[in-house]
Amino acid sequence: MPDASTEGDLEVAYVARGAALVACDAARSLAVETLLAERALQDRWREPPRPRRRWPPW
């Protein structure tokens with residue numbers, strides 16, 4: 001901040017801080033969503049295979 005900061009300087013600083021917080025929260029949310037999707041895929045991969053049904057069943 002400049003030595004003789006004005007109210008406008010403070011508003012700019014708060015807007016910049018708010019934008020950084022929003023970007024950080026969006027990145028964190030995306031990282032959590034990606035992690036959960038990866039773990040779900042790993043869990044699905046680890047499941048034993050289901051027996052296939054033959055069609056027609058004779």
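Please refer to the structure placed before this passage.
This is a predicted model, so every value here is computed, not measured. (Residues numbered from 1 in each chain as written. Predicted model: local features only at pLDDT ≥ 70, side-chain atom pairs only at ≥ 80, totals over all residues. Heavy atoms only, no water.)

Caption draft 1: Fine view of the overall build of the protein chain. The number of helices and strands found in the protein chain is one helix and zero strands. Over its C-alpha trace the protein chain gives a radius of gyration of 26 Å, far above what one expects of a compact globule, namely 10 Å for 58 residues. Across its three principal axes, the protein chain shows a C-alpha extent of roughly 90 × 20 × 10 Å. Here the protein chain holds 58 residues, and 0% of them are scored as buried. Split by element, the accessible area of the protein chain, about 6,100 Å² in all, is 60% carbon and sulfur. In the protein chain, which carries 9 positive and 9 negative side-chain charges, the distance between the mean positions of the two groups comes to 28 Å. (Helix = DSSP H or I, 4+ residues; strand = E, 2+ residues; numbered from the N terminus. Rg over C-alpha atoms; globule rule 2.2 N^0.38 Å. Buried < 20%, exposed > 50% of the residue type's maximum accessible area, 1.4 Å probe, protein only. Areas by Shrake-Rupley, 256 points an atom, 1.4 Å probe, with all protein chains shown as cover. Lys, Arg positive; Asp, Glu negative; His and termini not counted. Charge placed at Lys NZ, Arg CZ, Asp CG, Glu CD.)

Caption draft 2: Region of the structure containing the pattern of salt bridges. For the structure on display, the rule yields two salt bridges. Asp43 is the partner of Arg46 in a salt bridge, and the nearest nitrogen-oxygen pair spans 3.5 Å. Here Arg46 and its partner Asp43 are both found in helix α1 (residues 7–46), three residues apart, which amounts to about one turn of the helix. (Salt bridge = Lys/Arg side-chain N within 4 Å of Asp/Glu carboxyl O.)

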